[in-house]
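Letter by letter, the chains look like this.
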Amino acid sequence: MTERTREIVAPQGEERRYEVVVVGGGAAGLSGALTLARARRSVLVIDAGRPRNAPAGHVHSYLGREGTPPADLLATGRAEVTGYGGEIVDGDVVAVERLDAGGFRVVLDGGTAVVADRLLVTTGLVDELPPVPGVAERWGREVLHCPYCHGWEVRGQAIGILATGPLAVHQALMWRQWSTDVTLFAHTAPRIGDDDYERLVARGIAVVDGEVKGLEVTDDRLTGVRLTGGRVVSCQALVVGPRFTARADILTGLGLETTEQEMGGHVVGTYVAADPSGATRVPGVWVAGNVANLTEQVIGAAAAGVRAAAAINADLTAEETSRAVAARRHDRHHHPVREDTGHADTGHADTGHADTGHEHTREHTPMTEDNAATEEFWDARYGQSDQIWSGNPNAVLVREVTGLEPGRALDLGCGEGADAIWLARRGWHVTAVDISRVALDRAAKWAAAEDVADRIDWQWHDLGKSFPSGVFELVSAHFLHSPVELPREEILRTAAAAVAPGGVLLVVGHAGFPSWEHNPHPELHFPTSDEVLDALDLPDGQWEVLLSEEYERVQTDLEGQPATRLDNVLKIRRLGA
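This section reports on the structure supplied with the text. (Residues numbered from 1 in each chain as written. Predicted model: local features only at pLDDT ≥ 70, side-chain atom pairs only at ≥ 80, totals over all residues. Heavy atoms only, no water.)

Considering the nonpolar core
Inside soluble globular proteins, nonpolar side chains tend to come together where they are buried. Ranked by internal contacts, the top residues of the largest apolar core, which has 27 residues, are Val 401, Leu 423, Val 430, Ile 456, Trp 458 and Leu 474. If you list the elements that add at least two residues to this core, you get α10 (395–401), α11 (418–425), β21 (429–434), α12 (437–449), β22 (456–460), β24 (499–510) and β25 (543–556). Considering each element in turn, this core owes the most residues, five residues, to α11. The contacts of Ile 456, once residues within four sequence positions are left out, are Ala 420, Ile 421, Ala 424, Val 430, Ala 432 and Ala 447. Judged by nonpolar contacts, the second largest core, of 26 residues, contains Ile 46, Val 89, Phe 104 and Val 282. (Core = buried A, V, L, I, M, F, W, Y, C linked by side-chain atoms within 4.5 Å. Buried < 20%, exposed > 50% of the residue type's maximum accessible area, 1.4 Å probe, protein only. Helix = DSSP H or I, 4+ residues; strand = E, 2+ residues; numbered from the N terminus. Contact = heavy atoms within 4.5 Å.)

Here we look at the pairing of strand β3 (residues 87–90)
Sheet topology places strand β2 (residues 43–47) next to β3; four bridges connect them, and they run parallel. Bridge pairing links Leu 44 to Glu 87 in β3. Each parallel crossover has a hand, and for β2 linked through helix α2 (residues 70–83) to β3 it is right-handed. (Pairing = 2+ DSSP bridges. Right-handed = clockwise from strand over helix to strand, strands pointing away.)

Some points on the sheet that holds strand β14 (residues 232–234)
On the basis of which strands lie adjacent, the open sheet formed by three strands has the order β12-β13-β14 and antiparallel pairing. If you trace the sheet from one side to the other, it starts and ends with β12 (212–218) and β14, each paired once. Direction aside, the axes of adjacent strands within the sheet are offset by 35 degrees on average. Bridge analysis of β12 against strand β13 (residues 221–227) gives six bridges, and the strand direction is antiparallel. Within the sheet, the bridge partner assigned to Val 217 lies in β13 and is Leu 222. (Axes fitted to C-alpha atoms, helices over the stretch in contact; angles between N-to-C directions.)

A few points about helix α13 (residues 488–497)
Of all 10 residues that make up α13, nine are buried, and the element is covered over most of its length. Restricting attention to buried positions, one finds in α13 the residues Arg 488, Glu 490, Ile 491, Leu 492, Arg 493, Thr 494, Ala 495, Ala 496 and Ala 497.

Looking at the packing of aromatic side chains
The geometry of two aromatic rings is summed up by the distance between their centres and the angle between their planes. One pass over the structure, following the stated rule, counts two aromatic pairs. For the ring pair Tyr 148 and Trp 178, a centre distance of 5.8 Å and an interplane angle of 85 degrees mean the geometry is edge-to-face. Placement of Tyr 148 in helix α4 (residues 147–150) and of Trp 178 in the loop between α5 (168–175) and β10 (182–185) is noted, with a sequence separation of 30 residues between them. Looking at Trp 178, the relative accessible area reads 18%, which means it is buried. (Phe/Tyr/Trp six-rings, centres within 6.5 Å; stacked < 30°, edge-to-face > 60°.)

Overview of α2
Taking 1.5 Å of rise per residue, 14 residues should cover 20 Å, and α2 covers 20 Å from first to last C-alpha, within 8% of that figure. All buried positions along α2 are accounted for by Pro 70, Leu 73, Leu 74, Gly 77, Arg 78, Val 81 and Thr 82. Projection of α2 onto a plane perpendicular to its axis shows the buried side chains occupying an angular sector of 160 degrees, all on one side. Backbone geometry just after α2 places Gly 85 at a positive phi near 95 degrees. (Expected span 1.5 Å × (residues − 1). Arc of directions from axis to C-beta.)

Here you go:
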């Protein structure tokens, strides 16, 4: 299959979401992407096209790929990634920001943005070369650094060591393995101590004092080093000690700073600290390759990419499993309402009129099998009139959601859609759920009339059996009661599992019967907000309670007279990762 380097395509007004975005398309990034694609993850590689080893002619010490030109290795890797369904785009990442709902927004030059559940950064490093004329121009050809990358190619030649720091002696002694003709140019390094000088002499390494002013090149080949005063010392290869600076600017917005790398008490560069798998201290962000390990060669960078990818896949699997367990908890306690149908009620929100005095009074519906809360029952209920509710949003929703940053919202038991439409008009992307297709069709028409149809996804669900997919910054469940048995606790547990880190779960319910009800049903119990919280069975330390209270409101009774009713509200936030 040919390589797919392409533009990112997403529906208008939306940003493409991937399980993993890999920033950097070198050996580490492509190896990580290949591993993730083979794990059936949606993965995007964003490559700036500036590989560190581009000046080099060949890749070495890579088993099975010895002597491969770097560009050929990357082309092969790209084809392998796309062959398993991975995507690759060319471009620079200019910003990465954490989303309140979880995941990350990755912005490319040009303004395109994608969303990632996890991030693998393999941006490598920059070799900051000594400011000697000619060094940058010959870098990767005769100006070298790593003996394991280039030592064989210059074996037996006249090799010079440009000393710019205290590690120069170590470099000279190392390169002596590949040639007996090694010269250490003292240049700007600290004075060589007596012990080190003796070691150099013992290995037959000459030491030349004076600062190097430039390189001598003949017929496009390095032939010597020119010192202050004009003296030229012959050499065919020159070893330098760059400063290795991690390409990590995009991570600063996430609170990740680089760490200085020292060798022998001398700072040689910077890197992004991570554990052995590449996980950084920011949850959801991994690093691999030279951005995390300054001495990593190509084969090591590729291996680091595989390790990080495996850890990312394991992390995603753990999260998915946790959500799946929470989502199916209701199955352990599920009791079918009717033996002949096995159909449980979804619950139905009293949407749209809590502040108008026209509350749905279905608690008075006789509790018989004939009007069990099936889809047919609720369709018939909504079919009795062109409009059941007032069209106004629930007052508690308005009070508690105003001020929240709009994101993705889930409205459980949306009815005719007043709450969903109110949320959409304020910038939320809403998934609105109900068991009645009559109510959903009516709500969709009203949303179109309000010009917010593109911001609401109307979904049919019997919440006792199915639940919308995804995570949300707001999950709202208003008056999720039913005249028949309803697995409300299990539904609310599943709702809590759908709240994104930093998101809010808002549960509003009745605290008792209305004041005009003179013969309450003794078998019915309206849970308190504390009981709702306890039934959610939330993990310790992962949630905070923002509001838990009971309140009284004025309604109009069946005869049009003023009356009161007690309700309660529970508002909790999932703590951020």
